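One-letter residues, chain by chain:
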Number of protein chains: 2
Amino acid sequence: MKPIELPVLGARHERSDAARNRQKILAAAERLFMRDGVSCTSMDAIATEAGVGKGTLFRRFGDRASLALALLQASDSAFQEAFIRGPAPLGPGAGPCERLIAFGEGLLGHIAAHGEILLAAQTASGPGRRFDAGPYSAYRAHVRMLIEQANARLDADYLADVLLSCLCAELVMHQMRAQGMSVSRLQAGWEQLVKGVLAC
Amino acid sequence: MKPIELPVLGARHERSDAARNRQKILAAAERLFMRDGVSCTSMDAIATEAGVGKGTLFRRFGDRASLALALLQASDSAFQEAFIRGPAPLGPGAGPCERLIAFGEGLLGHIAAHGEILLAAQTASGPGRRFDAGPYSAYRAHVRMLIEQANARLDADYLADVLLSCLCAELVMHQMRAQGMSVSRLQAGWEQLVKGVLAC
DNA sequence: CGCCTAAACGGACCTCAGTCCGGTTGCCTG
DNA sequence: CAGGCAACCGGACTGAGGTCCGTTTAGGCG
């Protein structure tokens, strides 16, 4: 994969043709993901559909996972905004235990809504890539903080990764598809899990 | 991937050339994994090292993940034997909570010992493959049983997957390598986690 | 011992993610 | 408007996982 240097906002201007192509690519990807399913859509197909060369596609997005992530950027930013500055119980104002439960319920809903694309985003190329890229570190910091607030004697660093691993797309999709668990059941399970772990 | 029809024991005889080649392949894979690292070893290289055609390799093992799994079969069977019929606290004789703690500690040790290969084994090709193949279902059944024994009011089906997701190779490798957590810290965290969830 | 067939063999081939690099173009400066 | 250059474009190329299918062989049987 390339050294990557995504559209840092400070970087002068994004050239107009580049911006146009980025939009074309995102639109094409969304269209094909809808039409054929995420896992059946190749990067070649997206490039062709967008009327763009393959090199251009990879220049703008680095790899398949990052493209998927870019498609979810809007809804993901909204979610982050909600749990950082939004109303309780997700945002500040509620107790940490309550917030953590709401966080998981929100994330489960997010996965239920955008499962296929999230799967592509989290199915990293190299092992461990999924922990470096995307919104993972923001989620992790948030969960870590809530754990610490709830019970300072816990190993928050450990538990943050552990609790998030119960909310990863691959697992949740498997629980929903293969095991037939409903979103509400997963949410109820998450609530019990959090209460047990935080002892609240 | 092929329809797959692995060495069912009932299948008459395994032809001698097939058995010989299987051994050659396993030996070659182990050698190259040791020498160059798992992630830097291609299937082509293994076939060449084994003095065997690529088709033969894939005929015997289906895919990369299954080959990795086959390499770990011995130590994995030993582990399964230990938690099913071995001495307490891993095997029967101890209480479910204690056994579950011991199970996680054992699995964490297993991962620490064979991390790279387990990573290849669990990094499925298709999404969710890791839940279908390998020892996952045996682990799952065991964990599910212990949860149920410990506290019948819990959603054992949900929690089995959830607890196992904290012991998957990708996560644990990340915690050890990127976050610098020691095995004993992970084991201590696991113990706290289990106690919290099972309320024991 | 020779035949026959199911099973195994092996390498050419396919697809697809990701890279490279020679040619092109937007945009800033004078 | 002209020139220069950094950024961008695109498609040929690489490497790896996985498949196909014509050829070979083990080993049971007469």
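The sections below set out a description of the structure shown in this document.

Rules and cut-offs
Residues numbered from 1 in each chain as written. Chains lettered and ligands numbered in written order. Predicted model: local features only at pLDDT ≥ 70, side-chain atom pairs only at ≥ 80, totals over all residues. Heavy atoms only, no water. Contact = heavy atoms within 4.5 Å. Buried area = accessible area lost by both parts, 1.4 Å probe. Salt bridge = Lys/Arg side-chain N within 4 Å of Asp/Glu carboxyl O. Helix = DSSP H or I, 4+ residues; strand = E, 2+ residues; numbered from the N terminus. Nonpolar A, V, L, I, M, F, W, Y, C, P; charged D, E, K, R; others polar. Disulfide = S-S within 2.5 Å. Buried < 20%, exposed > 50% of the residue type's maximum accessible area, 1.4 Å probe, protein only. Phe/Tyr/Trp six-rings, centres within 6.5 Å; stacked < 30°, edge-to-face > 60°. Least-squares fit on C-alpha atoms with pLDDT ≥ 70 in both. Polar contact = N/O pair within 3.5 Å; in protein donor to acceptor, adjacent residues only side chain to side chain.

## Things to note about the interface of chain A and chain B
So, step 1. With 27 residues of chain A at the interface, the matching set in chain B holds 27 residues.
So, step 2. For the pair chain A and chain B, the summed buried area comes to about 2700 Å², and 61% of that belongs to carbon and sulfur atoms.
So, step 3. For chain A, the biggest contributors to the area lost against chain B are Phe131(A), Tyr158(A) and Glu170(A); these three give 23% of the whole.
So, step 4. Where chain A packs against chain B, one counts four salt bridges.
So, step 5. For Arg185(A), the salt bridge is made with Asp155(B), and the minimal N-O distance between the two is 2.8 Å.
So, step 6. Listed by contribution, the elements that provide at least two residues to the side of chain A that touches chain B are α7 (129-132), α9 (156-165), α10 (169-177) and α11 (183-198) of chain A.
So, step 7. Sorting elements by how many residues they give to the side of chain A that touches chain B places α11(A) first, with seven residues.
So, step 8. Its residues placed into classes, the side of chain A that touches chain B shows 13 nonpolar, seven polar and seven charged.

## Examining the state of the cysteines
Here a disulfide denotes one covalent bond, and it connects the sulfur atoms of two cysteines.
Residue and element names in this part refer to chain A.
So, step 1. Evaluated as defined, the whole model comprises two disulfides over all chains.
So, step 2. Residue pairing for Cys97: its cysteine sulfur links by disulfide to Cys200, the two sulfurs lying 2.1 Å apart. Taking the sign of the torsion about the S-S bond as the criterion, the disulfide between Cys97 and Cys200, at about 50 degrees, is right-handed. On the criterion of sequence distance, the pair formed by Cys97 in helix α6 (residues 96-122) and Cys200 in the segment after α11 is long-range, its members being 103 residues apart.
So, step 3. On the basis of relative accessibility, which here comes to 48%, the residue Cys200 falls in the partly exposed class.

## Describing the packing of aromatic side chains
Residue and element names in this part refer to chain A.
So, step 1. In the structure shown here, the tally under the stated rule is 14 aromatic pairs over all chains.
So, step 2. A ring pair is formed by Phe79 and Tyr139, whose centres lie 6.0 Å apart and whose planes are at 80 degrees; its orientation type is edge-to-face. Here Phe79, found in helix α5 (residues 73-85), pairs with Tyr139, found in helix α8 (residues 136-150); they are 60 residues apart in sequence, far enough to count as distant. Here the two residues Phe79 and Tyr139 agree in accessibility, since each one is buried.

## Considerations on the pattern of salt bridges
Between side chains of opposite charge, a pair can form when the charged atoms approach closely.
So, step 1. Going through the model one piece at a time under the given rule, you end up with 32 salt bridges over all chains.
So, step 2. Put simply, Glu170(A) and Arg130(B) hold a salt bridge, and the shortest N to O gap is 3.1 Å. Remark: Arg130(B) occurs in helix α7 (residues 129-132) and Glu170(A) occurs in helix α10; the pair is interchain, linking two chains. Both residues of the pair, Glu170(A) and Arg130(B), belong to the buried class.
So, step 3. Between Lys54(B) and Asp44(B) there is a salt bridge, with its nearest N and O atoms 3.1 Å apart. A residue pair is termed long-range when its members are at least 10 positions apart, and Lys54(B) in helix α3 (residues 54-61) and Asp44(B) in helix α2 (residues 43-50) qualify at 10 residues.

## Observations regarding the relation of the copies chain A and chain B
So, step 1. Here chain A sits on chain B after a turn of 180 degrees about the axis and a move of 0.0 Å along it, with an RMSD of 0.1 Å. In the structure described here, the two chain copies are related by an operation that fits a two-fold rotation axis. In terms of proximity to the rotation axis, the leading residue of chain A is Gly196(A), whose C-alpha is 2.4 Å off the axis.
So, step 2. When the interface residues of chain A are mapped onto chain B, 100% of them again lie at the interface, so the same face is used by both copies.

## As for the environment of Thr41(B)
All names here are of chain B.
So, step 1. Considering the arrangement of structural elements, one finds Thr41 in the loop between α1 (16-36) and α2.
So, step 2. On the basis of relative accessibility, which here comes to 3%, the residue Thr41 falls in the buried class.
So, step 3. Sequence separation between Thr41 and Ala29 is 12 residues, and the spatial gap between their C-alpha atoms is 8.3 Å.
So, step 4. When residues no more than four places from it in sequence are discounted, the contact partners of Thr41 are Leu32, Phe33, Asp36, Ile46 and Arg64.
So, step 5. In this structure the side chain of Thr41 is engaged in a polar contact, spanning 3.5 Å, whose partner is the backbone oxygen of Leu32.

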